[in-house]
Amino acid sequence: MAGVSLLTYGFVFLTPGDPAYTILREQRQSPPSERQVEAFRAEHGLDEPFFVQYLSWLTDAVRGDLGTSYYRSEPVTSLLIEHIPNTLELALAAMAVSLLLAVPTGVVSAVHRDTWLDRTSQFVALLGVSMPNFWLGYLLILICSLWLGLTPVSGSGTLGHLVLPAITLGTGMAAIVTRLVRTSMLEVLEAEYIDTARSKGVRERLVVYKHALRNALIPVVTIVGLQFGFVLNGAVIVEVVFQRPGLGTLLVDAIFARDYPIVQGVVLVTAFAFVLTNQLVDLAYVALDPRIDRRGGEQP
Amino acid sequence: MAGRLAVEDLHVRFQTGTEPVHAVSGASFEIASGEIVGLVGESGCGKSVTARSIVRLEEPGEIVDGSIRFDGEELTTADDRTLQRLRGRELAMVFQDPSTTLNPVYSVGEQIAEALRIRRNPDHQPFFRELAAGIGSCLRASRTRSEVLELLETVGIPQPEERIDAYPHQLSGGLCQRVMLAIALARQPSVLIADEPTTALDTTTQAAILDRLGELSAEYGMGTLLISHDFGVVSTLCDRVVVMYDGVVVERGPTDEVRSNPSHPYTKALLGCLPHRSEPKSQLPTIGGTPPDGSAPSPGCAFADRCPVATNDCHERPQPLVSVGQNHVVRCGVSDARDAAIDSMRGESTTSASRSRLSTPAADGGTSTQSTASKPKAADGSLVDLESVTKSFRQSDALVDRLLRVDDRTVAVKDVSLAFRPGETVGLVGESGCGKSTLARLIAGLEEPTDGIVRLRGEAVGGVDARKQAQIAAIGVVFQNPGTSLNPKRTVGESIREPLLEAGWDRSRRAERVEELLGLVELSLEHASRYPRQLSGGQRQRVALARALALEPSIVVLDEPTAALDVSTQATVLNLLADLQAALGLTYLFISHDLDVIRHVADRVAVMDDGRLLETGPTSRVLSTPSHPSTQALLEATPGDRTTERSNPDSDSDTTSRSPNTR
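For clarity, every value in this text was computed on a predicted model and none was experimentally measured.

Topic: the overall build of chain A
And then number 1: The secondary structure content of chain A amounts to twelve helices and zero strands.
And then number 2: When its C-alpha atoms are laid out on the principal axes, chain A stretches across 85 × 60 × 30 Å.
And then number 3: Within chain A, the proportion of its 300 residues that are buried is 37%.
And then number 4: Restricting to contacts in chain A with at least 6 residues of sequence separation, those with at least 24 account for 70%.

Some remarks on the overall build of chain B
And then number 1: From N to C terminus, chain B includes 29 helices and 22 strands.
And then number 2: Looking at chain B as a whole, 50% of its 663 residues are labelled buried.
And then number 3: Sequence-distant contacts, at least 24 apart, represent 72% of the contacts inside chain B between residues at least 6 apart.

Some words on the sheet that holds strand 6 (residues 91–94) of chain B
Residues and elements named next belong to chain B.
And then number 1: Taken in spatial order, the eight strands of this open sheet run 6-7-8-3-9-10-12-11, and their pairing is mixed. Pairing within the sheet leaves two strands with one partner each, and these edge strands are strand 6 and strand 11 (321–325). Taken pair by pair, the neighbouring strands of this sheet meet at an average axis angle of 20°, ignoring direction.
And then number 2: In the sheet, strand 7 (residues 191–195) pairs with strand 8 (residues 223–228) via five bridges, with the strands oriented parallel. When the bridges of strand 8 are listed, Ile 193 appears paired with Leu 225.

Concerning the interface of chain B and chain A
And then number 1: Contacts between the two partners involve 30 residues from chain B and, on the opposite side, 26 residues from chain A.
And then number 2: Listed by contribution, the elements that provide at least two residues to the side of chain B that touches chain A are helix 2 (80–89), helix 3 (98–101), helix 4 (108–120), helix 5 (127–135) and helix 17 (399–403) of chain B.
And then number 3: Residue composition of the side of chain B that touches chain A, grouped by class: 16 nonpolar, eight polar and six charged.

A short note on the packing of helix 5 (residues 76–111) of chain A against helix 11 (residues 247–256) of chain A
All names here are of chain A.
And then number 1: Relative orientation of the contacting elements helix 5 and helix 11 amounts to 130°, with a least axis distance of 7 Å. One finds that helix 5 runs oblique with respect to helix 11. Contacts between helix 5 and helix 11 involve Leu 79, His 83, Ile 84 and Thr 87 from the first element and Leu 247, Gly 248 and Leu 250 from the second.
And then number 2: A class-by-class count of the residues in the contact of helix 5 with helix 11 yields four nonpolar, three polar and no charged.

Details of the packing of helix 9 (residues 203–220) of chain B against helix 27 (residues 629–637) of chain B
Residue and element names in this part refer to chain B.
And then number 1: Running from amino to carboxyl end, helix 9 crosses helix 27 at an angle of 55°, the nearest separation of the two axes being 8 Å. Viewed along their axes, helix 9 and helix 27 adopt a mutual orientation that is oblique. Crossing angle aside, the handedness with which helix 9 passes helix 27 is left-handed. In this structure, helix 9 contributes Thr 203, Thr 204 and Ala 207 to the contact, and helix 27 contributes Ala 633, Leu 634 and Ala 637.

Here we look at the domain arrangement of chain A
All names here are of chain A.
And then number 1: Here chain A is partitioned into domain 1 (2–62) and domain 2 (90–288).
And then number 2: Inter-centroid distance (C-alpha atoms) of domain 1 to domain 2 is 37 Å.
And then number 3: Where the side of domain 1 that touches domain 2 is concerned, the elements lending two or more residues are helix 1 (2–14) and helix 2 (19–28).
And then number 4: In terms of residue count, the dominant contributor to the side of domain 1 that touches domain 2 is helix 1 (five residues).
And then number 5: Here the side of domain 1 that touches domain 2 is composed, by residue class, of five nonpolar, four polar and one charged.

A few points about helix 24 (residues 567–584) of chain B
Residues and elements named next belong to chain B.
And then number 1: Counted at 1.5 Å a residue, the expected span for helix 24 with its 18 residues is 26 Å, and the 25 Å between its end C-alpha atoms agrees.
And then number 2: Among the 18 residues in helix 24, 15 count as buried, and that is most of the element.
And then number 3: The first or second residue beyond helix 24 is Gly 585, which carries a positive phi of 65°.

Focus: the sheet that holds strand 5 (residues 73–74) of chain B
All names here are of chain B.
And then number 1: An order of 2-1-4-5 is seen for the four strands of this open sheet, with the pairing classed as antiparallel. Lying at the two open borders of the sheet, with one neighbouring strand each, are strand 2 (20–31) and strand 5.
And then number 2: Across eight bridges, strand 1 (residues 5–15) lies against strand 4 (residues 61–70) in antiparallel orientation. Considered in strand 4, the bridge of Val 12 is made with Ile 63.
And then number 3: The sheet contacts of helix 1 (residues 47–54) involve strand 1, strand 2 and strand 4, and relative to strand 1 the element is tilted by about 115°.

Digging into the environment of Arg421(B)
And then number 1: Locating Arg421(B) in the fold gives a position in the loop between strand 14 (409–420) and strand 15 (425–429).
And then number 2: For Arg421(B), the contacting residues outside a window of four places in its chain are Ser382(B) and Leu383(B).

So, the pairing of strand 12 (residues 328–331) of chain B
All names here are of chain B.
And then number 1: Looking at chain direction, strand 10 (residues 248–254) and strand 12 are connected through two bridges and run antiparallel. Opposite Arg 252, over in strand 12, you have Val 329 as the bridge partner.
And then number 2: Strand direction decides the pairing type here: strand 11 and strand 12, joined by four bridges, are antiparallel. When the bridges of strand 12 are listed, Leu 321 appears paired with Arg 331.
And then number 3: Linking strand 11 to strand 12, which pair antiparallel, is a turn of two residues; within it Asn 327 sits at a positive phi near 55°.

A closer look at unusual backbone geometry
All names here are of chain B.
And then number 1: One non-glycine residue, Arg 457, adopts positive backbone phi at about 50°.
And then number 2: Relative to the elements of secondary structure, Arg 457 occurs in the loop between strand 16 (451–456) and strand 17 (459–461).
And then number 3: For Glu 522, which is not a glycine, the phi torsion comes out positive at approximately 60°.
And then number 4: Tracing the chain through its elements places Glu 522 in the loop between helix 22 (507–520) and helix 23 (537–549).

Concerning the environment of Arg25(A)
Residue and element names in this part refer to chain A.
And then number 1: Along the chain, the position of Arg 25 falls in helix 2.
And then number 2: A C-alpha to C-alpha distance of 56 Å links Arg 25 and Leu 288, two positions 263 residues apart in sequence.
And then number 3: When sequence neighbours within four positions are dropped, the list of residues in contact with Arg 25 reads Ser 30, Pro 31 and Pro 32.

So, helix 6 (residues 142–154) of chain B
All names here are of chain B.
And then number 1: If you check helix 6, its first and last C-alpha atoms are 18 Å apart, about what 13 residues at 1.5 Å a residue would give, namely 18 Å.
And then number 2: Listing the buried residues of helix 6 in full gives Val 148, Leu 151 and Leu 152. Angularly, the buried residues of helix 6 cover 100° about the axis, an arc narrow enough to put them on a single face. Residues of helix 6 that are exposed and angled more than 90 degrees away from the buried face: Ser 142, Arg 143, Ser 146 and Glu 150.
And then number 3: Elements in contact with the buried residues of helix 6: helix 4, helix 7 (160–163) and helix 8 (173–185).

So, the pairing of strand 18 (residues 475–478) of chain B
All names here are of chain B.
And then number 1: Judged by which residues are buried, strand 18 turns out to be covered on both faces: Ile 475 and Val 477 on one side and Gly 476 and Val 478 on the other are all buried.
And then number 2: Pairing of strand 18 with strand 19 (residues 555–559), which is carried by four bridges, proceeds in the parallel orientation. Along strand 19, the bridge assignment pairs Ile 475 with Ile 555.

Quick look at the environment of Ala269(B)
And then number 1: Within the secondary structure, Ala269(B) is located in helix 12 (residues 265–272).
And then number 2: Separated by 155 residues in the primary sequence, Ala269(B) and Glu114(B) have C-alpha atoms spaced 44 Å apart.

Overview of the confidence of the model for chain B
Segments scoring low in pLDDT should not have their predicted coordinates read at a detailed level.
Residue and element names in this part refer to chain B.
And then number 1: Per-residue pLDDT for chain B averages 78, and the proportion of residues at 70 or more is 83%.
And then number 2: Note on residues 347–379: pLDDT is under 50 here. Beyond four places in sequence and across chains, it has 50 contacts.
And then number 3: Contacts for the low-pLDDT stretch residues 641–663, under 50 throughout, to residues beyond four places or in other chains number 29 contacts.
And then number 4: Interface confidence in the predicted complex, given as ipTM, is 0.75; pTM for the same model is 0.72.

A short note on the confidence of the model for chain A
And then number 1: Per-residue confidence for chain A gives a mean pLDDT of 81, with 95% of residues at or over 70.
And then number 2: By mean pLDDT, the top-scoring element of chain A is helix 9 (residues 192–199) of chain A (89), and the lowest-scoring one is helix 1 of chain A (72).

About the cut-offs
- Residues numbered from 1 in each chain as written.
- Chains lettered and ligands numbered in written order.
- Predicted model: local features only at pLDDT ≥ 70, side-chain atom pairs only at ≥ 80, totals over all residues.
- Helix = DSSP H or I, 4+ residues; strand = E, 2+ residues; numbered from the N terminus.
- Buried ≥ 20, exposed ≤ 12 C-beta atoms within 10 Å, placed from the backbone.
- Contact = placed C-beta atoms within 7 Å.
- Pairing = 2+ DSSP bridges.
- Axes fitted to C-alpha atoms, helices over the stretch in contact; angles between N-to-C directions.
- Nonpolar A, V, L, I, M, F, W, Y, C, P; charged D, E, K, R; others polar.
- Parallel < 35°, antiparallel > 145°, perpendicular 65-115°, else oblique.
- Left-handed = near helix turned anticlockwise from the far one by under 90°.
- Domains from an automatic or database assignment.
- Expected span 1.5 Å × (residues − 1).
- Arc of directions from axis to C-beta.
- pLDDT = per-residue confidence, 0-100.

So, in structure tokens, the structure goes:
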């Protein structure tokens, strides 16, 4: 986490563009004078050397204070708290969409290996991976909202607002997970314990869903955990396309405005979410796979 | 005999990329209630496929002809529902390797309970109830639970209460195989098919499982099909034996009959390969030639190419079934072949060829003589010397445990002192988990001793990192399973070359040495460019041996080098080892749980149990008059030896009268 914070701070510091100049020009609708710029810099501590800036930001950040937005003059922490639920909602919905799509498709693909069912789903999955998020988003808006009038074009709040962004974001991931589930299932279906189950007289459907799927999901969980970072990434684009007020829109606006504290805050939160999901993945492992030692680390 | 299960003229084919492989081409036999039938043959002869076809798990193979009948019901054309019912209630199967045949994510209790539920009602398997049953790890229904406990007890699992909620990885191989047996028994089957049920287990566990299997089949009145490549296992337990070769049943009859009076040349050859039939240190008989791959079935007898007494007719016409005794039939029309002695089936050609090839590099002053030359240097003392070596492992590597200095160590090797003199073969025996392999790793430097000293040529050595190049070169290691000890992504040549590369040999010397090594292990140069998966088990083990010999070691540690191989392949590898020892003056540490093999190769035997060295001494003394009770137990557990040779004076006298000829 400390590494991430240093890196983002460093990158933001190195990006061209002077926040003082940009923000002041925006505020007064005219190029600011040299002195005004100096004053702004002094106020926000921008005239200090890099490491002094970083250290003061870091000490505040540890206390939960991520600074104040240059532009909106609001504490970054409260801005983040305001925007996080929207993005979290979108990310979770997208994950749900992708898993609901991917797991059954992957299983069916594996069970009916090399049939037209498998080929079709593989082709669709390939399309899903290749299709850029923003393009799919506009396409969905065009079809569902403008032509069919089923869903609102943009904004947030109701379930209707969530559907299209979740599908847009979910499909890309679903495509990857489908392929993964398929490969993993194919491998597991070759295992001898599957034959054992069959030789017991277990129904084929139960062989697949009870005996094979649980084993096949173990490697999938790792990737899904890693994919969560990808989802947050994608959320930035999707939120802009659908004009949802989330972390993504906040980040993009902040970057254009050279509103450094917000950029750093968002990146930090994303990194934190990433670490958190990986912890959750480990917990999911324990639930799925009894071979992982439950006692590990919990002993006094 | 009215068989409950009758297999008739079964043909199973595999569709491979280019042409179909005939795995089974015409297998016929019957199993009656309460009878134990053994199915014997080398790997790849189609015995597993036959067994799997009976429960219709022949996929990806395909039954193309013949019939399998159970109580008059045809199985080859049965629909899924019928199969479900038959699998759930009548035909149970136990597979070879218990570590892969139990589902790792469900508790063993649940896996047995599932079989019980299916037995009760095979047609009614509610989807969601079954899914939910798998998720809760504890069995709740008390009736099922007590039934499961009863089954666990029946198959001889101690403390079933503690084991019922365990997962397969928490149990030993022997216990897992008992669980598999419990799953099979839960169905109260009419026929039990056991596919090499004890091959993956050590000798004592094997004996216990086989005993239990015998008792249970008598108790339940089950017909049992016991599949094995080990004649010893089969003859301990079975009433009748069916011998398969290349997908064809070549001989079948009562066990004693087949053992005392084997009539098919292949059966004779197979029996001749068993190490305990031969004089220690003698050249073991092998079956000459290579087994057919089933891709192009010959019109005649499949064994004809390897049969020393084959006639032209054998190659061209299918052989008739000839009755040679009561219920004893053999598929061989040549009466000379049927009457021939076991010894005449030895593969003379390979052995003599190997001898001449071996003598060349040693005689022409090549590199291999250097190792013989270096031998006298160390001859006065022992080559490798273990002085009260102890090795323990931490049970948990958790950071918390380390910080708190929780010291729950398992001791794998306890206070072992052992010396290896140049040129001798030391056999190391013991049950699995007794510390044999750890001891081997200590010698090779793959583990560092927790206590005690390992000396090489009188110098104390540590782990691999601390050893000098020459010290590393002095020890070669061959592991048990060549399928996993060779890197699948590297060609044979690359694998053999690697130690040379590490030792800094230049390119031309490396190429020369690889060629020489391949010659030593009787492989041709073309094998160098192949990948391990393109080789047979025996060939892979030769490659592993070549790699171990690359740097001209003076001692080779062989960790169960033949455990994964067939009898006849085992015989060729053992012969090769003996030849190499004679030519290169090698010292062997030969680890095995197979006492017949040890008796054959070792000068001295060391017996280990629970990390301790129980006794050491000359092979003949330790294995005939063991002083330690644990050694006795180990000796008694070896299948085949005791029962048949005691109950069957014929075969005993056969062995003794033949031994002088074997030389």
